[in-house]
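Chain by chain, the residues run as shown.
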Amino acid sequence: TVSGGLGHQYLNMYGFQQPYFLSGNTNSTENNMYMYFGAGGKFRRYFSWDGIGVFNFAGYYQNDFSIDGKVKFSSYPKGMPQGMHLTGKLHISQERPNFFFNNIHSNHYVWNNNFEKTTQTRIEGRLEIPDWKMELYAGYAMLKNNTYFDSLSIVRQNPEAMSILSAYVKKDIQLWKLHFENKILFQVSSDKEVVPLPELALDLRYYFQFDLVKNVLKVQVGADGTFTTAYYAPAYNPVTGQFHNQVSELVGNTPYIDVFANLQWKNASIFLKFTNANQ
């Protein structure tokens, strides 16, 4: 299949500026025009692919572009009716930062920036084995001129190229009526002052599932657990409405456990949870 066309985006933005005291409030408007082209195909149930490219030729995002592609290979070995699926994704983009990253004037913050376009190249691979209730993922991203909010909640641009590597394994295990859902994530940021990330994160859900009343009331009783290695988690600034970097308090290195009971009573769901039970 092949698709393509033209698109229009109308932006109406307001950000206070000092001249408005004399001239009155004025909104900024942009008419963004873009074109796109996409194509995809499929060979039975074993192979599929698709891709799309977008190019902005007028407006605030003039000369911005993005390219996305995906391929999927599937096989169905004996004893695996749901098959094995290997998916690869590619993303390449060059985009002008958000309007409010360049222009803001408030009681607390004032800036008028002319940031360079942000470039991003991202490659991802995912292997899914539904019959084994297993999933593997690996991804690599290269960033340049990415914007972020520093420890003073002021928007900055990182002119240096940086990279982020991430991988996770997800495996669900069932023993009788006991369910163990496990996800382990690894992450590496080449510049933690710009993009702080925990190197290890665990997301675990263990529960006992049974029928309290057969075909009427199904019950799950268990716990959700999360854990990350220590890192400087972003703080929130209500003035800008954005998360910003901070280096005053390390977060992590302690588990968070929520105890829950989930009841499915015909078409009604009843969910009870006691958060931070280990605190």
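Reference entry: report on the structure contained in this document. (Residues numbered from 1 in each chain as written. Predicted model: local features only at pLDDT ≥ 70, side-chain atom pairs only at ≥ 80, totals over all residues. Heavy atoms only, no water.)

Here the focus is the overall build of the protein. Broken down by element type, the protein carries two helices and 19 strands. Rg of the C-alpha trace for the protein: 24 Å, well past the compact-globule value of 19 Å for 279 residues, more than 25% over. Burial status across the protein gives 26% buried among its 279 residues. Sequence-distant contacts, at least 24 apart, represent 47% of the contacts inside the protein between residues at least 6 apart. Taken as a whole, the protein presents about 17,600 Å² of accessible surface, with 58% of it coming from carbon and sulfur. (Helix = DSSP H or I, 4+ residues; strand = E, 2+ residues; numbered from the N terminus. Rg over C-alpha atoms; globule rule 2.2 N^0.38 Å. Buried < 20%, exposed > 50% of the residue type's maximum accessible area, 1.4 Å probe, protein only. Contact = heavy atoms within 4.5 Å. Areas by Shrake-Rupley, 256 points an atom, 1.4 Å probe, with all protein chains shown as cover.)

Among the structural elements, Tyr-206 can be located in strand β14 (residues 200–213). Residues Tyr-206 and Lys-42 lie 164 residues apart in sequence; the distance between their C-alpha atoms is 38 Å. Beyond its immediate chain neighbours, meaning those up to four positions away, Tyr-206 contacts His-179, Phe-180, Glu-181, Asn-182, Gly-222, Ala-223 and Phe-260. Of the polar contacts made by the side chain of Tyr-206, one reaches the side chain of Asn-182; its length is 2.6 Å. (Polar contact = N/O pair within 3.5 Å; in protein donor to acceptor, adjacent residues only side chain to side chain.)

To describe a pair of aromatic rings, you give the distance between the ring centres and the angle between the ring planes. A full pass over the atoms with the stated rule returns 16 aromatic pairs. Seen from their ring centres, Phe-260 and Phe-271 are 5.9 Å apart, and the 25° between their planes marks the pair as stacked. Of the two residues, Phe-260 sits in strand β18 (residues 256–265) while Phe-271 sits in strand β19 (residues 268–274), which places them 11 residues apart along the sequence. With relative accessibility at 2%, the residue Phe-260 sits in the buried group. A relative accessible area of 45% places Phe-271 in the partly exposed class. (Phe/Tyr/Trp six-rings, centres within 6.5 Å; stacked < 30°, edge-to-face > 60°.)

A surface patch of nonpolar side chains, about 370 Å² in accessible area, is lined by Leu-6, Met-35, Phe-55 and Phe-57. Along the chain, the position of Phe-55 falls in strand β3 (residues 47–58). Judged by its relative accessible area of 33%, Phe-55 falls in the partly exposed class. (Patch = residues over 30% accessible without salt bridge, like charges linked within 9 Å, V, L, I, M, F, W, Y side chains within 5 Å. Salt bridge = Lys/Arg side-chain N within 4 Å of Asp/Glu carboxyl O.)

Interpretation note: all reported values are geometric properties and have no functional meaning in isolation.
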